[in-house]
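Given next are the chains, with one letter for each unit.
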Number of protein chains: 2
Amino acid sequence: MKVGIIGLGLIGGSLGLDLRDRGHTILGVSRKESTCQQAEATGAVDQANTNLSLLSAANIIFICTPIGLISNTLEQLKPYISQETIVTDVGSVKTPIVESCETLWTNFIGGHPMAGTAKQGIEAAQKNLFKNAPYVITPTQNSPKNSIKTLEEIAKSLGSIVYTCSPENHDKAVAWISHLPVMVSASLITACLHEEDPLVLKLAHKLASSGFKDTSRVGGGNPELGLMMAQYNRTALLRSLIAYRQQLDEVIEQINTQEWESLNKRLETTQKGRSHFIKDNFE
Amino acid sequence: MKVGIIGLGLIGGSLGLDLRDRGHTILGVSRKESTCQQAEATGAVDQANTNLSLLSAANIIFICTPIGLISNTLEQLKPYISQETIVTDVGSVKTPIVESCETLWTNFIGGHPMAGTAKQGIEAAQKNLFKNAPYVITPTQNSPKNSIKTLEEIAKSLGSIVYTCSPENHDKAVAWISHLPVMVSASLITACLHEEDPLVLKLAHKLASSGFKDTSRVGGGNPELGLMMAQYNRTALLRSLIAYRQQLDEVIEQINTQEWESLNKRLETTQKGRSHFIKDNFE
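Overview of the structure. Quantities reported herein were computed from a predicted structural model and do not represent experimental measurements. (Residues numbered from 1 in each chain as written. Chains lettered and ligands numbered in written order. Predicted model: local features only at pLDDT ≥ 70, side-chain atom pairs only at ≥ 80, totals over all residues. Heavy atoms only, no water.)

**Focus: helix 7 (residues 198-207) of chain A**
And then number 1: All buried positions along helix 7 of chain A are accounted for by Val200(A), Leu201(A), Leu203(A), Ala204(A), His205(A) and Leu207(A).
And then number 2: Its buried side turned inward, helix 7 of chain A meets helix 6 (167-193) of chain A together with strand 7 (134-138), strand 8 (161-164), helix 6 (167-193) and helix 11 (260-278) of chain B.
And then number 3: Structurally, the start of helix 7 of chain A carries an N-cap: the backbone nitrogen of Leu199(A) is 2.9 Å from a side-chain oxygen of Asp197(A). (Buried < 20%, exposed > 50% of the residue type's maximum accessible area, 1.4 Å probe, protein only. Helix = DSSP H or I, 4+ residues; strand = E, 2+ residues; numbered from the N terminus. Contact = heavy atoms within 4.5 Å. Polar contact = N/O pair within 3.5 Å; in protein donor to acceptor, adjacent residues only side chain to side chain.)

Below, the structure written as C-alpha coordinates:
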(Lines give C-alpha, C1' and ligand atoms only; values in the text may rest on other atoms or scores of the structure.)
Protein backbone atom coordinates (compact mmCIF):
# COMPACT_ATOMS: atom_id res chain seq x y z
CA MET A 1 0.00 0.00 0.00
CA LYS A 2 0.96 3.62 -0.34
CA VAL A 3 0.77 5.16 3.13
CA GLY A 4 0.75 8.91 3.71
CA ILE A 5 1.92 10.42 6.98
CA ILE A 6 1.33 14.08 7.82
CA GLY A 7 3.45 15.30 10.72
CA LEU A 8 6.81 13.57 11.00
CA GLY A 9 7.36 13.66 14.76
CA LEU A 10 7.78 10.82 17.23
CA ILE A 11 4.51 9.08 16.27
CA GLY A 12 4.53 9.86 12.55
CA GLY A 13 8.20 8.96 12.21
CA SER A 14 7.86 5.73 14.18
CA LEU A 15 4.81 4.71 12.13
CA GLY A 16 6.85 5.33 8.98
CA LEU A 17 9.78 3.20 10.16
CA ASP A 18 7.53 0.22 11.00
CA LEU A 19 5.19 0.41 8.00
CA ARG A 20 8.12 0.78 5.61
CA ASP A 21 9.57 -2.37 7.20
CA ARG A 22 6.28 -4.14 6.44
CA GLY A 23 6.70 -3.38 2.73
CA HIS A 24 4.53 -0.28 2.34
CA THR A 25 5.62 2.80 0.46
CA ILE A 26 5.69 5.77 2.82
CA LEU A 27 4.98 9.31 1.67
CA GLY A 28 5.64 11.91 4.35
CA VAL A 29 4.62 15.53 4.71
CA SER A 30 6.04 18.00 7.20
CA ARG A 31 5.87 21.77 7.38
CA LYS A 32 9.64 21.88 7.74
CA GLU A 33 11.96 21.05 4.87
CA SER A 34 14.67 19.96 7.34
CA THR A 35 12.30 17.43 8.95
CA CYS A 36 11.50 16.01 5.50
CA GLN A 37 15.20 15.55 4.83
CA GLN A 38 15.78 13.94 8.21
CA ALA A 39 12.82 11.56 7.74
CA GLU A 40 14.23 10.45 4.40
CA ALA A 41 17.71 10.05 5.85
CA THR A 42 16.55 7.90 8.78
CA GLY A 43 14.40 5.70 6.55
CA ALA A 44 11.10 6.72 8.11
CA VAL A 45 9.75 7.61 4.64
CA ASP A 46 10.48 6.76 1.03
CA GLN A 47 9.79 10.33 0.06
CA ALA A 48 8.92 13.48 2.00
CA ASN A 49 7.77 16.92 1.01
CA THR A 50 6.31 20.08 2.50
CA ASN A 51 3.42 19.92 0.04
CA LEU A 52 0.25 17.90 0.68
CA SER A 53 -0.07 17.19 -3.05
CA LEU A 54 2.52 14.44 -2.52
CA LEU A 55 -0.23 12.39 -0.89
CA SER A 56 -2.56 12.20 -3.90
CA ALA A 57 -1.34 8.66 -4.56
CA ALA A 58 -1.81 7.41 -0.97
CA ASN A 59 -4.32 4.65 -0.11
CA ILE A 60 -4.40 5.57 3.57
CA ILE A 61 -3.22 8.74 5.31
CA PHE A 62 -2.29 9.12 8.99
CA ILE A 63 -2.65 12.68 10.31
CA CYS A 64 -0.05 12.86 13.08
CA THR A 65 -0.14 16.59 13.81
CA PRO A 66 -0.95 18.05 17.23
CA ILE A 67 -4.65 17.64 18.07
CA GLY A 68 -5.54 21.27 17.41
CA LEU A 69 -4.39 21.02 13.77
CA ILE A 70 -5.98 17.71 12.73
CA SER A 71 -9.29 18.98 11.39
CA ASN A 72 -7.66 21.93 9.63
CA THR A 73 -5.07 19.65 8.05
CA LEU A 74 -7.80 17.39 6.68
CA GLU A 75 -9.53 20.42 5.18
CA GLN A 76 -6.33 21.38 3.37
CA LEU A 77 -5.74 17.78 2.29
CA LYS A 78 -9.17 17.24 0.70
CA PRO A 79 -8.49 18.78 -2.73
CA TYR A 80 -5.60 16.35 -3.32
CA ILE A 81 -7.20 13.01 -2.51
CA SER A 82 -9.91 10.75 -3.92
CA GLN A 83 -12.97 9.34 -2.14
CA GLU A 84 -11.31 5.93 -1.78
CA THR A 85 -8.51 7.37 0.35
CA ILE A 86 -8.86 6.37 4.00
CA VAL A 87 -7.90 9.14 6.41
CA THR A 88 -7.14 8.46 10.06
CA ASP A 89 -5.49 10.34 12.92
CA VAL A 90 -3.50 9.52 16.03
CA GLY A 91 -4.95 12.12 18.43
CA SER A 92 -5.31 11.25 22.12
CA VAL A 93 -8.88 12.61 22.26
CA LYS A 94 -11.48 11.33 19.83
CA THR A 95 -15.01 12.78 20.13
CA PRO A 96 -14.40 16.32 18.81
CA ILE A 97 -11.93 15.12 16.17
CA VAL A 98 -14.17 12.36 14.82
CA GLU A 99 -17.15 14.71 14.81
CA SER A 100 -15.44 17.36 12.72
CA CYS A 101 -13.37 15.05 10.53
CA GLU A 102 -16.27 12.75 9.64
CA THR A 103 -18.19 15.78 8.41
CA LEU A 104 -15.22 16.75 6.25
CA TRP A 105 -14.41 13.27 4.95
CA THR A 106 -16.76 10.26 4.76
CA ASN A 107 -13.85 7.85 4.70
CA PHE A 108 -12.39 9.05 8.03
CA ILE A 109 -11.75 6.64 10.95
CA GLY A 110 -10.42 7.96 14.26
CA GLY A 111 -7.53 6.17 15.89
CA HIS A 112 -5.28 6.42 18.93
CA PRO A 113 -2.07 4.42 19.19
CA MET A 114 -1.25 4.65 22.90
CA ALA A 115 2.49 4.65 22.79
CA GLY A 116 5.12 7.27 23.33
CA THR A 117 8.37 8.16 24.99
CA ALA A 118 9.45 11.21 26.99
CA LYS A 119 11.17 12.48 23.83
CA GLN A 120 9.62 14.25 20.86
CA GLY A 121 10.40 14.87 17.22
CA ILE A 122 11.66 12.81 14.29
CA GLU A 123 14.97 12.24 16.13
CA ALA A 124 13.05 10.24 18.74
CA ALA A 125 11.29 8.03 16.15
CA GLN A 126 11.96 4.35 16.70
CA LYS A 127 10.98 0.94 15.42
CA ASN A 128 8.49 -1.21 17.37
CA LEU A 129 7.19 1.77 19.37
CA PHE A 130 3.64 0.41 19.03
CA LYS A 131 4.42 -3.22 19.75
CA ASN A 132 2.23 -4.61 22.57
CA ALA A 133 0.71 -1.15 23.08
CA PRO A 134 -3.03 -0.50 22.80
CA TYR A 135 -4.24 0.94 19.47
CA VAL A 136 -7.80 2.20 19.88
CA ILE A 137 -9.92 2.56 16.77
CA THR A 138 -13.10 4.61 17.09
CA PRO A 139 -15.41 4.09 14.12
CA THR A 140 -18.99 5.34 14.05
CA GLN A 141 -22.10 4.05 12.28
CA ASN A 142 -21.03 6.16 9.30
CA SER A 143 -17.62 4.51 8.93
CA PRO A 144 -17.08 2.33 5.82
CA LYS A 145 -16.62 -1.29 7.00
CA ASN A 146 -13.70 -1.99 4.65
CA SER A 147 -11.84 1.07 5.85
CA ILE A 148 -12.21 -0.02 9.49
CA LYS A 149 -10.83 -3.43 8.51
CA THR A 150 -7.86 -1.93 6.70
CA LEU A 151 -6.94 0.29 9.66
CA GLU A 152 -7.29 -2.66 12.06
CA GLU A 153 -4.98 -4.77 9.91
CA ILE A 154 -2.36 -2.06 9.81
CA ALA A 155 -2.55 -1.57 13.60
CA LYS A 156 -2.19 -5.33 14.11
CA SER A 157 0.78 -5.42 11.76
CA LEU A 158 2.51 -2.97 14.11
CA GLY A 159 2.16 -5.53 16.91
CA SER A 160 -0.40 -3.36 18.69
CA ILE A 161 -3.33 -4.69 20.71
CA VAL A 162 -6.36 -3.33 18.88
CA TYR A 163 -9.46 -2.12 20.76
CA THR A 164 -12.55 -0.84 18.97
CA CYS A 165 -15.03 1.45 20.70
CA SER A 166 -17.05 4.63 20.23
CA PRO A 167 -15.20 7.96 20.34
CA GLU A 168 -17.18 8.83 23.50
CA ASN A 169 -16.20 5.67 25.36
CA HIS A 170 -12.57 6.17 24.36
CA ASP A 171 -12.64 9.67 25.78
CA LYS A 172 -14.30 8.58 29.02
CA ALA A 173 -11.78 5.78 29.50
CA VAL A 174 -8.71 7.95 28.84
CA ALA A 175 -10.19 10.62 31.12
CA TRP A 176 -10.04 8.05 33.94
CA ILE A 177 -6.66 6.55 33.29
CA SER A 178 -4.72 9.40 31.74
CA HIS A 179 -6.28 12.86 32.04
CA LEU A 180 -7.73 12.66 35.57
CA PRO A 181 -4.40 11.42 36.98
CA VAL A 182 -2.70 14.51 35.54
CA MET A 183 -5.08 16.91 37.32
CA VAL A 184 -5.04 14.87 40.55
CA SER A 185 -1.28 14.80 40.52
CA ALA A 186 -0.90 18.49 39.58
CA SER A 187 -3.20 19.46 42.45
CA LEU A 188 -0.99 17.51 44.85
CA ILE A 189 1.98 19.64 43.83
CA THR A 190 0.15 22.98 43.99
CA ALA A 191 -1.34 22.07 47.39
CA CYS A 192 2.13 21.36 48.79
CA LEU A 193 3.46 24.60 47.32
CA HIS A 194 0.76 26.48 49.26
CA GLU A 195 2.26 25.45 52.62
CA GLU A 196 2.64 28.77 54.40
CA ASP A 197 5.28 27.78 56.94
CA PRO A 198 8.66 27.99 55.15
CA LEU A 199 10.22 25.54 57.63
CA VAL A 200 7.61 22.90 56.87
CA LEU A 201 7.86 23.49 53.12
CA LYS A 202 11.64 23.16 53.19
CA LEU A 203 11.39 20.00 55.26
CA ALA A 204 8.83 18.58 52.81
CA HIS A 205 11.25 19.30 49.94
CA LYS A 206 13.96 17.38 51.77
CA LEU A 207 11.87 14.42 52.89
CA ALA A 208 9.99 13.77 49.64
CA SER A 209 10.81 10.34 48.35
CA SER A 210 9.49 7.65 45.99
CA GLY A 211 5.83 7.94 47.10
CA PHE A 212 5.70 11.65 46.35
CA LYS A 213 7.84 11.22 43.25
CA ASP A 214 5.47 8.68 41.70
CA THR A 215 2.21 10.40 42.69
CA SER A 216 3.41 13.78 41.39
CA ARG A 217 5.07 12.57 38.18
CA VAL A 218 2.31 13.10 35.61
CA GLY A 219 1.20 16.36 37.27
CA GLY A 220 4.70 17.76 36.84
CA GLY A 221 4.79 16.95 33.13
CA ASN A 222 4.49 19.07 30.01
CA PRO A 223 1.93 21.87 30.69
CA GLU A 224 0.92 21.98 27.01
CA LEU A 225 -0.14 18.34 27.14
CA GLY A 226 -2.19 18.86 30.30
CA LEU A 227 -3.87 21.92 28.80
CA MET A 228 -4.62 20.03 25.60
CA MET A 229 -6.29 17.19 27.54
CA ALA A 230 -8.49 19.68 29.39
CA GLN A 231 -9.42 21.62 26.27
CA TYR A 232 -10.21 18.71 23.99
CA ASN A 233 -11.54 16.20 26.50
CA ARG A 234 -13.27 18.75 28.73
CA THR A 235 -16.63 16.98 29.11
CA ALA A 236 -15.26 13.55 30.03
CA LEU A 237 -12.54 15.04 32.22
CA LEU A 238 -15.02 17.15 34.18
CA ARG A 239 -17.19 14.05 34.62
CA SER A 240 -14.22 12.21 36.12
CA LEU A 241 -13.11 15.18 38.23
CA ILE A 242 -16.56 15.53 39.81
CA ALA A 243 -16.62 11.81 40.66
CA TYR A 244 -13.11 12.12 42.07
CA ARG A 245 -14.06 15.08 44.21
CA GLN A 246 -16.91 13.05 45.67
CA GLN A 247 -14.47 10.28 46.68
CA LEU A 248 -12.07 12.82 48.15
CA ASP A 249 -14.89 14.38 50.18
CA GLU A 250 -15.78 10.96 51.55
CA VAL A 251 -12.18 10.32 52.60
CA ILE A 252 -11.99 13.71 54.32
CA GLU A 253 -15.29 13.03 56.08
CA GLN A 254 -14.19 9.57 57.23
CA ILE A 255 -10.92 10.93 58.64
CA ASN A 256 -12.61 13.95 60.18
CA THR A 257 -15.27 11.89 61.94
CA GLN A 258 -12.83 9.07 62.68
CA GLU A 259 -14.85 6.40 60.88
CA TRP A 260 -11.85 4.10 60.88
CA GLU A 261 -13.69 0.97 59.87
CA SER A 262 -15.13 2.66 56.79
CA LEU A 263 -11.73 4.09 55.88
CA ASN A 264 -10.16 0.68 56.28
CA LYS A 265 -12.78 -0.87 53.98
CA ARG A 266 -12.17 1.90 51.45
CA LEU A 267 -8.42 1.28 51.43
CA GLU A 268 -8.96 -2.46 51.10
CA THR A 269 -11.16 -1.74 48.08
CA THR A 270 -8.52 0.46 46.47
CA GLN A 271 -5.82 -2.15 47.02
CA LYS A 272 -7.93 -4.83 45.32
CA GLY A 273 -9.33 -2.42 42.72
CA ARG A 274 -5.96 -1.25 41.48
CA SER A 275 -4.98 -4.73 40.38
CA HIS A 276 -7.65 -4.69 37.64
CA PHE A 277 -5.97 -1.70 36.05
CA ILE A 278 -2.48 -3.05 36.40
CA LYS A 279 -2.29 -6.81 36.06
CA ASP A 280 -3.31 -7.13 32.41
CA ASN A 281 -0.68 -4.78 31.15
CA PHE A 282 2.41 -5.02 33.25
CA GLU A 283 4.03 -6.03 36.58
CA MET B 1 27.63 1.32 73.65
CA LYS B 2 24.97 -1.17 74.59
CA VAL B 3 22.02 -0.66 72.27
CA GLY B 4 18.59 -2.12 72.96
CA ILE B 5 16.10 -2.77 70.17
CA ILE B 6 12.47 -3.64 70.87
CA GLY B 7 10.67 -5.07 67.86
CA LEU B 8 12.90 -7.07 65.54
CA GLY B 9 11.24 -6.45 62.20
CA LEU B 10 12.60 -4.79 59.06
CA ILE B 11 13.62 -1.56 60.82
CA GLY B 12 14.70 -3.03 64.15
CA GLY B 13 16.61 -5.85 62.48
CA SER B 14 18.33 -3.54 59.99
CA LEU B 15 19.30 -1.14 62.79
CA GLY B 16 20.79 -4.09 64.65
CA LEU B 17 22.84 -5.26 61.65
CA ASP B 18 24.35 -1.81 61.07
CA LEU B 19 24.96 -0.82 64.71
CA ARG B 20 26.55 -4.18 65.47
CA ASP B 21 28.85 -3.55 62.48
CA ARG B 22 29.82 -0.22 64.08
CA GLY B 23 31.01 -2.04 67.21
CA HIS B 24 27.99 -1.69 69.49
CA THR B 25 26.55 -4.54 71.52
CA ILE B 26 22.97 -5.18 70.44
CA LEU B 27 20.35 -6.50 72.83
CA GLY B 28 17.08 -7.36 71.11
CA VAL B 29 13.59 -8.00 72.40
CA SER B 30 10.74 -9.50 70.44
CA ARG B 31 7.43 -10.98 71.55
CA LYS B 32 8.19 -14.10 69.54
CA GLU B 33 10.85 -16.57 70.60
CA SER B 34 11.36 -17.64 66.96
CA THR B 35 12.10 -14.04 65.93
CA CYS B 36 14.69 -13.78 68.71
CA GLN B 37 16.41 -16.91 67.45
CA GLN B 38 16.34 -15.67 63.86
CA ALA B 39 17.76 -12.26 64.88
CA GLU B 40 20.63 -13.96 66.65
CA ALA B 41 21.25 -16.30 63.72
CA THR B 42 21.38 -13.49 61.14
CA GLY B 43 23.68 -11.37 63.30
CA ALA B 44 21.19 -8.57 63.86
CA VAL B 45 21.68 -8.86 67.64
CA ASP B 46 24.27 -10.20 70.04
CA GLN B 47 21.54 -11.50 72.28
CA ALA B 48 17.75 -11.55 72.04
CA ASN B 49 15.01 -12.40 74.46
CA THR B 50 11.24 -12.09 74.86
CA ASN B 51 11.72 -10.33 78.19
CA LEU B 52 12.28 -6.57 78.48
CA SER B 53 14.53 -7.13 81.53
CA LEU B 54 17.32 -7.96 79.05
CA LEU B 55 17.53 -4.23 78.31
CA SER B 56 18.46 -3.10 81.85
CA ALA B 57 22.09 -2.77 80.73
CA ALA B 58 21.33 -0.72 77.57
CA ASN B 59 22.57 2.89 77.15
CA ILE B 60 20.06 3.66 74.42
CA ILE B 61 16.89 1.80 73.40
CA PHE B 62 15.13 1.95 70.04
CA ILE B 63 11.43 1.09 70.20
CA CYS B 64 10.69 -0.33 66.74
CA THR B 65 7.17 -1.69 67.34
CA PRO B 66 4.14 -0.60 65.32
CA ILE B 67 3.08 2.98 66.20
CA GLY B 68 0.09 1.92 68.29
CA LEU B 69 2.31 -0.04 70.70
CA ILE B 70 5.17 2.44 71.28
CA SER B 71 3.81 4.27 74.31
CA ASN B 72 2.57 1.08 75.93
CA THR B 73 5.94 -0.61 75.35
CA LEU B 74 7.73 2.28 77.05
CA GLU B 75 5.41 1.96 80.04
CA GLN B 76 6.31 -1.73 80.36
CA LEU B 77 10.00 -0.96 79.87
CA LYS B 78 10.27 1.68 82.62
CA PRO B 79 10.76 -0.64 85.62
CA TYR B 80 13.88 -2.18 84.03
CA ILE B 81 15.87 0.90 83.07
CA SER B 82 17.70 3.75 84.77
CA GLN B 83 17.22 7.52 84.26
CA GLU B 84 20.38 7.71 82.13
CA THR B 85 18.94 5.35 79.54
CA ILE B 86 17.97 7.20 76.36
CA VAL B 87 14.79 5.92 74.78
CA THR B 88 13.87 6.69 71.17
CA ASP B 89 11.41 5.32 68.62
CA VAL B 90 11.20 4.95 64.85
CA GLY B 91 7.51 5.76 64.32
CA SER B 92 6.41 7.56 61.15
CA VAL B 93 4.24 10.03 63.11
CA LYS B 94 5.74 12.06 65.93
CA THR B 95 3.41 14.48 67.76
CA PRO B 96 1.20 12.00 69.65
CA ILE B 97 4.12 9.64 70.34
CA VAL B 98 6.46 12.34 71.64
CA GLU B 99 3.67 13.83 73.77
CA SER B 100 2.87 10.58 75.53
CA CYS B 101 6.41 9.16 75.70
CA GLU B 102 7.97 12.38 77.04
CA THR B 103 5.47 12.28 79.89
CA LEU B 104 6.44 8.70 80.61
CA TRP B 105 10.22 9.14 80.24
CA THR B 106 12.20 12.40 80.56
CA ASN B 107 15.05 10.97 78.52
CA PHE B 108 12.88 10.23 75.45
CA ILE B 109 13.74 11.64 72.00
CA GLY B 110 11.45 10.94 69.04
CA GLY B 111 12.99 9.78 65.78
CA HIS B 112 11.97 8.70 62.29
CA PRO B 113 14.40 6.94 59.99
CA MET B 114 12.72 7.29 56.59
CA ALA B 115 13.79 4.07 54.96
CA GLY B 116 12.03 0.86 54.09
CA THR B 117 11.38 -1.75 51.50
CA ALA B 118 8.19 -3.42 50.30
CA LYS B 119 9.05 -6.39 52.52
CA GLN B 120 8.53 -6.74 56.25
CA GLY B 121 9.90 -8.80 59.13
CA ILE B 122 13.32 -9.84 60.34
CA GLU B 123 13.87 -11.84 57.10
CA ALA B 124 13.82 -8.55 55.20
CA ALA B 125 16.41 -6.87 57.48
CA GLN B 126 19.44 -5.65 55.55
CA LYS B 127 22.65 -3.70 56.03
CA ASN B 128 22.85 -0.08 54.89
CA LEU B 129 19.07 0.32 54.74
CA PHE B 130 19.41 3.83 56.22
CA LYS B 131 22.35 4.99 54.15
CA ASN B 132 21.62 8.31 52.39
CA ALA B 133 18.06 8.23 53.73
CA PRO B 134 16.62 11.02 55.90
CA TYR B 135 16.62 10.39 59.66
CA VAL B 136 14.40 12.98 61.35
CA ILE B 137 14.98 13.66 65.05
CA THR B 138 12.22 15.53 66.87
CA PRO B 139 13.44 16.81 70.25
CA THR B 140 11.42 19.26 72.34
CA GLN B 141 12.49 21.91 74.84
CA ASN B 142 12.41 19.17 77.49
CA SER B 143 14.90 16.91 75.70
CA PRO B 144 18.31 16.47 77.39
CA LYS B 145 20.95 18.04 75.09
CA ASN B 146 23.41 15.17 75.46
CA SER B 147 20.78 12.61 74.53
CA ILE B 148 19.91 14.53 71.35
CA LYS B 149 23.60 14.55 70.48
CA THR B 150 23.99 10.82 71.08
CA LEU B 151 21.00 9.98 68.88
CA GLU B 152 22.27 12.30 66.13
CA GLU B 153 25.67 10.62 66.18
CA ILE B 154 24.15 7.17 65.92
CA ALA B 155 21.93 8.28 63.01
CA LYS B 156 24.94 9.79 61.24
CA SER B 157 26.94 6.59 61.81
CA LEU B 158 24.24 4.77 59.79
CA GLY B 159 25.02 7.05 56.84
CA SER B 160 21.65 8.80 57.21
CA ILE B 161 21.04 12.47 56.47
CA VAL B 162 19.93 13.88 59.82
CA TYR B 163 17.20 16.54 60.06
CA THR B 164 16.11 18.05 63.38
CA CYS B 165 12.70 19.67 63.79
CA SER B 166 9.68 19.83 66.10
CA PRO B 167 7.32 16.83 66.17
CA GLU B 168 4.59 19.09 64.74
CA ASN B 169 6.67 20.21 61.75
CA HIS B 170 7.70 16.63 61.06
CA ASP B 171 4.06 15.58 60.99
CA LYS B 172 3.03 18.46 58.73
CA ALA B 173 5.87 17.69 56.31
CA VAL B 174 5.17 13.95 56.10
CA ALA B 175 1.46 14.72 55.72
CA TRP B 176 2.37 16.59 52.52
CA ILE B 177 4.84 14.20 51.02
CA SER B 178 3.69 10.83 52.30
CA HIS B 179 0.21 10.72 53.83
CA LEU B 180 -1.65 13.12 51.50
CA PRO B 181 -0.34 11.29 48.40
CA VAL B 182 -1.83 8.04 49.77
CA MET B 183 -5.32 9.56 50.12
CA VAL B 184 -5.08 11.42 46.78
CA SER B 185 -3.99 8.24 45.06
CA ALA B 186 -6.57 6.03 46.80
CA SER B 187 -9.34 8.43 45.76
CA LEU B 188 -8.20 8.14 42.14
CA ILE B 189 -8.73 4.39 42.29
CA THR B 190 -12.12 4.53 44.02
CA ALA B 191 -13.32 7.23 41.60
CA CYS B 192 -12.42 5.04 38.61
CA LEU B 193 -14.12 2.04 40.22
CA HIS B 194 -17.34 4.09 40.41
CA GLU B 195 -17.61 4.28 36.61
CA GLU B 196 -21.14 3.06 35.97
CA ASP B 197 -20.75 2.04 32.32
CA PRO B 198 -19.17 -1.45 32.32
CA LEU B 199 -17.83 -0.95 28.78
CA VAL B 200 -15.96 2.20 29.80
CA LEU B 201 -14.65 0.58 33.01
CA LYS B 202 -13.39 -2.45 31.09
CA LEU B 203 -11.74 -0.22 28.51
CA ALA B 204 -10.11 1.82 31.29
CA HIS B 205 -8.74 -1.42 32.79
CA LYS B 206 -7.22 -2.31 29.43
CA LEU B 207 -5.82 1.10 28.55
CA ALA B 208 -4.26 1.98 31.93
CA SER B 209 -0.55 2.41 31.56
CA SER B 210 2.45 3.98 33.33
CA GLY B 211 0.71 7.28 34.20
CA PHE B 212 -2.11 5.53 36.00
CA LYS B 213 0.26 2.96 37.46
CA ASP B 214 2.47 5.60 39.08
CA THR B 215 -0.33 7.89 40.28
CA SER B 216 -2.26 5.01 41.84
CA ARG B 217 0.69 3.16 43.39
CA VAL B 218 0.69 4.46 46.96
CA GLY B 219 -3.13 4.49 47.09
CA GLY B 220 -3.16 0.79 46.25
CA GLY B 221 -0.74 -0.07 49.05
CA ASN B 222 -1.17 -1.72 52.44
CA PRO B 223 -4.54 -0.58 53.92
CA GLU B 224 -3.20 -0.90 57.49
CA LEU B 225 -0.47 1.64 56.76
CA GLY B 226 -2.92 4.11 55.24
CA LEU B 227 -5.27 3.72 58.18
CA MET B 228 -2.41 4.20 60.63
CA MET B 229 -1.36 7.45 58.91
CA ALA B 230 -4.91 8.78 59.14
CA GLN B 231 -5.36 7.75 62.78
CA TYR B 232 -2.06 9.01 64.14
CA ASN B 233 -1.48 12.01 61.88
CA ARG B 234 -5.12 13.01 61.62
CA THR B 235 -4.72 16.76 62.30
CA ALA B 236 -1.87 17.39 59.88
CA LEU B 237 -3.40 15.11 57.24
CA LEU B 238 -6.77 16.89 57.41
CA ARG B 239 -4.95 20.21 57.09
CA SER B 240 -3.27 18.97 53.89
CA LEU B 241 -6.45 17.37 52.54
CA ILE B 242 -8.43 20.62 52.93
CA ALA B 243 -5.69 22.56 51.11
CA TYR B 244 -5.63 19.88 48.42
CA ARG B 245 -9.39 20.03 47.93
CA GLN B 246 -9.10 23.79 47.45
CA GLN B 247 -6.59 23.28 44.65
CA LEU B 248 -8.74 20.58 43.07
CA ASP B 249 -11.76 22.87 43.18
CA GLU B 250 -9.77 25.56 41.41
CA VAL B 251 -8.74 23.13 38.67
CA ILE B 252 -12.35 22.01 38.20
CA GLU B 253 -13.48 25.64 38.04
CA GLN B 254 -10.78 26.57 35.52
CA ILE B 255 -11.70 23.66 33.26
CA ASN B 256 -15.43 24.22 33.68
CA THR B 257 -15.23 27.93 32.81
CA GLN B 258 -12.51 27.32 30.21
CA GLU B 259 -9.96 29.64 31.81
CA TRP B 260 -7.21 28.12 29.72
CA GLU B 261 -4.60 30.75 30.45
CA SER B 262 -5.00 30.27 34.21
CA LEU B 263 -4.87 26.49 33.83
CA ASN B 264 -1.74 26.78 31.72
CA LYS B 265 -0.07 28.96 34.37
CA ARG B 266 -1.07 26.47 37.05
CA LEU B 267 0.46 23.57 35.13
CA GLU B 268 3.63 25.56 34.51
CA THR B 269 3.83 26.17 38.27
CA THR B 270 3.43 22.48 39.04
CA GLN B 271 6.11 21.51 36.54
CA LYS B 272 8.59 23.95 38.12
CA GLY B 273 7.38 23.28 41.67
CA ARG B 274 7.86 19.54 41.50
CA SER B 275 11.58 19.90 40.87
CA HIS B 276 12.08 21.30 44.41
CA PHE B 277 10.75 18.07 45.87
CA ILE B 278 12.67 15.83 43.54
CA LYS B 279 16.06 17.26 42.60
CA ASP B 280 17.72 17.13 46.02
CA ASN B 281 17.04 13.48 46.53
CA PHE B 282 17.14 11.69 43.24
CA GLU B 283 16.88 11.91 39.46
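Next comes the rest of the account.
**So, the side chain of His112(A)**
Residues and elements named next belong to chain A.
And then number 1: The topology assignment puts His-112 in strand 6 (residues 108-113).
And then number 2: Judged by relative accessible area, His-112 falls into the buried class, the value being 7%.
And then number 3: A polar contact is formed between the side chain of His-112 and the side chain of His-170, at a distance of 2.8 Å.

**Considering the packing of helix 6 of chain B against helix 9 (residues 223-232) of chain B**
Residues and elements named next belong to chain B.
And then number 1: Packing of helix 6 against helix 9 brings their axes to within 10 Å, and their N-to-C directions diverge by 120°. Considered as vectors, helix 6 and helix 9 are oriented oblique to each other. Where helix 6 crosses over helix 9, the handedness of that crossing is left-handed. Two secondary-structure elements touch here, helix 6 through Ser-178, His-179, Val-182 and Met-183 and helix 9 through Gly-226, Met-229 and Ala-230.
And then number 2: For the contact of helix 6 with helix 9, a count of residues per class yields 4 nonpolar, 3 polar and no charged. (Axes fitted to C-alpha atoms, helices over the stretch in contact; angles between N-to-C directions. Parallel < 35°, antiparallel > 145°, perpendicular 65-115°, else oblique. Left-handed = near helix turned anticlockwise from the far one by under 90°. Nonpolar A, V, L, I, M, F, W, Y, C, P; charged D, E, K, R; others polar.)

**Details of the sheet that holds strand 3 (residues 47-49) of chain B**
Residues and elements named next belong to chain B.
And then number 1: An order of 3-2-1-4-5-6-7-8 is seen for the 8 strands of this open sheet, with the pairing classed as mixed. Two strands close off the open sheet at either side, each with one partner strand: strand 3 and strand 8. Strand-to-strand, the axes of this sheet are offset by a mean angle of 25°, without reference to chain direction.
And then number 2: As paired elements, strand 7 and strand 8 share 4 bridges and run parallel to each other. The residue bridging Pro-134 from the neighbouring strand is Ile-161, located in strand 8.
And then number 3: Relative to the sheet, helix 3 (residues 70-77) contacts strand 1 (2-6), strand 4 (60-63), strand 5 (86-89) and strand 6 (108-113), its axis offset from that of strand 4 by approximately 145°.
And then number 4: Along the sheet, helix 4 (residues 95-104) contacts strand 5, strand 6 and strand 7; its crossing angle with strand 6, the most-contacted strand, is approximately 150°. (Pairing = 2+ DSSP bridges.)

**Quick word on the sheet that holds strand 7 (residues 134-138) of chain A**
All names here are of chain A.
And then number 1: Read from one edge to the other, the open sheet built from 8 strands follows the order 3-2-1-4-5-6-7-8, with strand pairing classed as mixed. Looking along the sheet, the strands with just one partner apiece sit at the ends: strand 3 (47-49) and strand 8 (161-164). With strand direction ignored, the average angle separating the axes of adjacent strands in the sheet is 25°.
And then number 2: Here 3 bridges tie strand 2 (residues 25-29) to strand 3, and the two strands are oriented parallel to one another. Bridging from a neighbouring strand, Val-29 pairs with Asn-49 of strand 3.

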